[in-house]
Amino acid sequence: MNTEDVVLPPAYWNADATVATLRVTVTNTGGRAERISLGYTLPPGLTDAGTPGCESAGDGNHRCVGWDAEPGARFSATIRLGSTATPGGPCRWPDRSR
């Protein structure tokens, strides 16, 4: 799986309806067909802004439909992020500081 950091500058938090996107690509690197599923957790202050094929599973968790993938097949999803936080500063997600 590959993704990049999403940097949300102060202008994002100060806007009423700004959406940022994060592309996630999953590749079946195995030697047989597999069912690939995607799940993600958003930190407090961020919401899913309508990612196609994904739904809330509660507590900031989201689950997406699965894909049948032959060896070497790649699938991408674009996660749409919205803000529920009050203005105050940049946020980085995913947090790789842990």
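Note that the structure is predicted; figures quoted are calculated from it, not measured.

Calculation criteria
Residues numbered from 1 in each chain as written. Predicted model: local features only at pLDDT ≥ 70, side-chain atom pairs only at ≥ 80, totals over all residues. Heavy atoms only, no water. Pairing = 2+ DSSP bridges. Helix = DSSP H or I, 4+ residues; strand = E, 2+ residues; numbered from the N terminus. Axes fitted to C-alpha atoms, helices over the stretch in contact; angles between N-to-C directions. Phe/Tyr/Trp six-rings, centres within 6.5 Å; stacked < 30°, edge-to-face > 60°. Buried < 20%, exposed > 50% of the residue type's maximum accessible area, 1.4 Å probe, protein only. Salt bridge = Lys/Arg side-chain N within 4 Å of Asp/Glu carboxyl O.

Enquirer: Could you give me a rundown of the sheet that holds strand β9 (residues 74–83), with the residues and numbers involved?
Expert: Spatially, 3 strands are ordered β2-β9-β5 in an open sheet, and the strand pairing comes out antiparallel. Two strands bound the open sheet, and with one partner strand each, they are β2 (20–27) and β5 (46–48). On average, adjacent strands in this sheet sit at an angle of 35° to one another, irrespective of strand direction. Pairing geometry for β2 and β9, over 8 bridges, is antiparallel. Each residue of the ladder has a partner; that of Leu-22, found in β9, is Ile-79.

Enquirer: I'd love a proper account of the pairing of strand β6 (residues 54–58), names of residues and values included.
Expert: Across 4 bridges, β6 lies against strand β7 (residues 61–64) in antiparallel orientation. Within the sheet, the bridge partner assigned to Glu-55 lies in β7 and is Arg-63. The turn linking β6 back onto β7 is made up of 2 residues, and Asp-59 within it adopts a positive phi angle of 55°.

Enquirer: Summarise the packing of aromatic side chains; cite the residues concerned and give the values.
Expert: Counted according to the given criterion, the structure contains 1 aromatic pair. Ring geometry for Trp-67 against Phe-75: centres 5.9 Å apart, planes inclined by 15°, an arrangement best described as stacked. Residue Trp-67 is classed as partly exposed on the basis of its relative accessible area, which comes to 22%.

Enquirer: Describe the pattern of salt bridges, listing the residues and the values that go with them.
Expert: Using the criterion set out here, one finds 2 salt bridges in the structure. Glu-34 is paired through a salt bridge with Arg-32; the nearest N and O atoms lie 2.7 Å apart. Exposure remark for Glu-34: the relative accessible area of 32% places this residue in the partly exposed category. A salt bridge links Arg-35 to Asp-68; its shortest N-O distance comes to 3.1 Å. Placement of Arg-35 in strand β3 (residues 34–36) and of Asp-68 in strand β8 (residues 67–69) is noted, with a sequence separation of 33 residues between them. For Asp-68, a relative accessible area of 59% puts it in the exposed group.

The values are spatial; any link to function lies outside them.
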